[in-house]
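Here is what each chain is made of, one letter per residue.
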Amino acid sequence: MKRLRISMLVSLVCACSAVFAQADTRPNILIFYVDDLGWQGTQLNDIDAPCPYETPNVLKLAEQGMNFTQGYSAAPTCAPSRAGIITGQHPGKLRYTHVLFSRIPNGKPTEEFVDPYLGAHLQMDALTLATALKDNGYHTGHVGKWHLGLSSSLFGFEYSNEDRGVHRKPADRTKDFATADDPKYPLSKKKYPPVSAKKPDGISYPYDGVTESALQFMAESQDKPFFLYLAHWMVHWPAMTRNGELLEYYCDKLGQPFPPKAGAMSIPGQNNPYYASMVTTVDWSLGRIVDYLENTDDPRNPGKKLIETTYLIFTSDNGGCMNHGQEVLADNSPLKYGKSHGEEGGIRVPMIIEGPGIPKGSQFDGLVNQLDFFPTILTLTHSTIAPEAKAELSGVDITPVLLDGAEQVVDAQGVARENLFWHFPHGQDSMKSVLREGDFKLLKNYQTRDYSLYRLYNNGQREDLEEMNDLADDPEYAPVLEKLSEKLERHLAENQVEGPYLNPAFKGKTKPSAAIKSVVFDAAGREARVQLATSSPAVETAYVIYREKPSKGKKKAAHGKGKPDVRIGMKMPVTISSAGKMVSARIPKGIEAYCFLLIDENNYQTFTDIQLVQ
């Protein structure tokens, strides 16, 4: 009887253990992020002239999940989009709107406006998706491009590998191709598409550290659900490939000689064989990831493959980069412009989400932004964050669209989404804020101090995707212009966006800018002060920026090595006198140099020279 009781107890414990082991049904999350891949850069949303880049794995993913035909990035350039996707907060709200880092924007005498100063890295106190999921029991990993300053390991990622992988510039892109015995990029024994008469069995691909690191991370997750942020460096410049067979395939397809001649590839349109090779290499990487998910058992859910318990999000950080110097890269036609612009070519991107419960081969035509990923992933993973942190999120949970067939994106109160907005106070020809609502697109032009209005669709049917017919001066659309401009201005005010500012060096300025009388440092109290002239306009906003001590030949420490001083390059608080004519700040020990940033009452942005702490 005693043995029977023990046996029953053991059986009960085993049964409870099995139930507990199977109880963790939280899905894995995988974001597959491509760099500079435009809406017309794959075969997915292919309209007008056919895209020559072959992306069979992107098409297969869309067949297995949901394609978002009007998916948008958070910004028209990479760093702010990455900040938005990883924090769930609008780049304008974060005041992290470009790729300037700690560069001081000095305007030319011919430029009326100047970019705002952004800071060396993403704010350390920002709650990231990695931190949120890690706190909810997820194993978090990042591979590939980070591009938010410092290292991803400081922002909630337990596993971090920021290597470029196969996207490392060769000495001569016309002939430096990988071989089977290459020590860094050995060619695969297995053959993959594309297939051609020359290569009827397919071709080999060079070893890619980004893809392999992603596979390694997933293999090591085991007893925990994982969150993997896989961010390729491709298809960003440099335009190159180490895959000679793939380059030859595209040279043949595009009617160009192989090997290509040295120099810039300047044929207009989608005719760059190096760029085409990068697109297909990214597609190959996606295929490797999906193949692993389809053929690997989920250790937390016996009887299931990882593909059955993983949500995979495929998208790009911004639209295609059209040129690099004389080299023609992407062609976003029929969309207008590309990367660094608020027009459709700069912000409209491919977007697919595949995973459990999502109808196969489905499509959603409503407005979706990458800022929606954070709240959606929280819902899909049954994760929680503090209410005040959730209130800071800029996106909307699109789970009802993914799983319930909802035809509209609605917020937590059930109110349907009306619009999306972007703020890009950078570049003399691209300083714009943008609103997309319904059929219309509104652009606020800072340089010309006016608006542009386009009707992209007419009752949902394509009308002016090219943004060629500006309706801003058409009396018929005056009510639309007034309504949308009011909404855009409200978004800008509510998010407290920054810039652009007036340039104090502009030779045509009509108002005075801050006039600096002196900058002094009191060593005893370690207090720095900047005094303005009596006649100077008052300072309304100011910061002190800690800088590295200038030194010839000084090299920056590699990201992730040692303990970086996270204060360097960031805007730090100061004290402004009641009259707005003096700004002071205490400089902590260990800081060797600094400068002040001043925004005066006339909206000019002025920097003092970099001062050494004596």
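Residues numbered from 1 in each chain as written. Predicted model: local features only at pLDDT ≥ 70, side-chain atom pairs only at ≥ 80, totals over all residues. Heavy atoms only, no water.

Draft legend 1. Representation of the sheet that holds strand E12 (residues 362–364) in the model. On the basis of which strands lie adjacent, the open sheet formed by eight strands has the order E6-E5-E7-E1-E8-E11-E2-E12 and mixed pairing. In this open sheet, the two edge strands, each paired with only one partner strand, are strand E6 (159–161) and E12. Ignoring strand direction, the axes of neighbouring strands in this sheet form an average angle of 10°. (Pairing = 2+ DSSP bridges. Helix = DSSP H or I, 4+ residues; strand = E, 2+ residues; numbered from the N terminus. Axes fitted to C-alpha atoms, helices over the stretch in contact; angles between N-to-C directions.)

Draft legend 2. Representation of the side chain of Ser433. Among the secondary structure elements, Ser433 is positioned in strand E15 (residues 432–437). A polar contact is formed between the side chain of Ser433 and the side chain of His423, at a distance of 2.7 Å. Contact partners of Ser433, with chain neighbours within four places excluded, come to Trp422, His423, Leu442, Leu443, Lys444, Tyr446, Leu488 and Leu492. (Polar contact = N/O pair within 3.5 Å; in protein donor to acceptor, adjacent residues only side chain to side chain. Contact = heavy atoms within 4.5 Å.)

Draft legend 3. View of the side chain of Asp208. Summarising the element assignment, Asp208 is placed in the loop between E6 and helix H6 (209–221). For the buried Asp208, no salt bridge is present, and the opposite-charge side chain at shortest range is Arg288, 7.5 Å distant. Residues within four places of Asp208 in sequence aside, it is in contact with Gly165, Val166, His232 and Trp284. (Buried < 20%, exposed > 50% of the residue type's maximum accessible area, 1.4 Å probe, protein only. Lys, Arg positive; Asp, Glu negative; His and termini not counted. Salt bridge = Lys/Arg side-chain N within 4 Å of Asp/Glu carboxyl O.)

Draft legend 4. Region of the structure containing the state of the cysteines. Taken as a whole and assessed by the stated rule, the structure comprises zero disulfides. You can see Cys321 has no disulfide; the closest cysteine sulfur is in Cys78, sitting 9.9 Å from it. (Disulfide = S-S within 2.5 Å.)

Draft legend 5. How the structure looks around unusual backbone geometry. With omega at 10°, the peptide bond leading from Pro193 into Pro194 counts as cis. Residue placement: Pro194 occurs in the loop between E6 and H6. In the segment running from Met234 into Val235, the intervening peptide bond is cis, with an omega of 15°. The backbone phi angle of Tyr337 is positive, close to 60°, even though this residue is not glycine. Along the chain, Tyr337 falls in the loop between strand E10 (327–328) and helix H9 (344–347). Judged by relative accessible area, Tyr337 falls into the partly exposed class, the value being 37%. Within the chain, Asn603 stands out as a residue other than glycine whose phi angle is a positive 75°. Checked against the element boundaries, Asn603 lands in the loop between strand E27 (593–600) and strand E28 (605–607).

Draft legend 6. Spotlight on the packing of helix H2 (residues 56–64) against helix H8 (residues 273–295). Relative orientation of the contacting elements H2 and H8 amounts to 45°, with a least axis distance of 7 Å. As the angle between them shows, H2 and H8 are arranged oblique. Together, Pro56, Asn57, Val58, Lys60 and Leu61 of H2 and Asp283, Trp284, Leu286, Gly287, Val290 and Glu294 of H8 make up the contact between the two elements. In terms of residue class, the contact of H2 with H8 is made up of six nonpolar, two polar and three charged. (Parallel < 35°, antiparallel > 145°, perpendicular 65-115°, else oblique. Nonpolar A, V, L, I, M, F, W, Y, C, P; charged D, E, K, R; others polar.)

Draft legend 7. Main features of helix H3 (residues 78–87). Here H3 lies mainly inside the structure; 10 of its 10 residues are buried. For H3, the set of buried residues is Cys78, Ala79, Pro80, Ser81, Arg82, Ala83, Gly84, Ile85, Ile86 and Thr87. Contacts from the buried residues of H3 go to strand E1 (28–34), helix H4 (91–94), helix H5 (129–135), strand E7 (226–231) and helix H10 (373–380). Just downstream of H3, Gly88 is the residue with a positive phi angle, here 75°.

Draft legend 8. Seen up close, the pairing of strand E11 (residues 351–354). Of the two faces of E11, the one carrying Met351 and Ile353 and the one carrying Ile352 and Glu354 are both buried. Sheet topology note: the strand E2 (residues 66–68)/E11 ladder contains two bridges and is antiparallel. Bridged to Met66 within E11 is Ile353. When strand E8 (residues 310–316) meets E11, the two strands line up antiparallel, connected through four bridges. Residue pairing for E11: Thr315 is matched across the bridge by Met351.

Draft legend 9. Looking closely at the pattern of salt bridges. Tallied over the full model, the rule gives 32 salt bridges. We note a salt bridge from Lys441 to Glu467, for which the minimum N-O separation is 3.2 Å. Taken together, the positions of Lys441 in strand E16 (residues 440–445) and Glu467 in the loop between strand E19 (461–462) and helix H13 (478–494) put the pair 26 residues apart, joining distant regions of the chain. A cluster of three or more residues bridged by salt bridges with shared partners is formed by Asp35, Arg82, Lys145 and Asp317.

Draft legend 10. A look at H13. In this model, H13 (17 residues) spans 24 Å end to end at C-alpha, consistent with the 24 Å of a helix rising 1.5 Å per residue. Residues of H13 that are buried make contact with strand E14 (419–424), E15, E16 and strand E17 (450–455). Gln496 occupies a position one or two residues after H13 and carries a positive phi of about 50°. (Expected span 1.5 Å × (residues − 1).)

Honestly, it's all geometry; don't read function into it.
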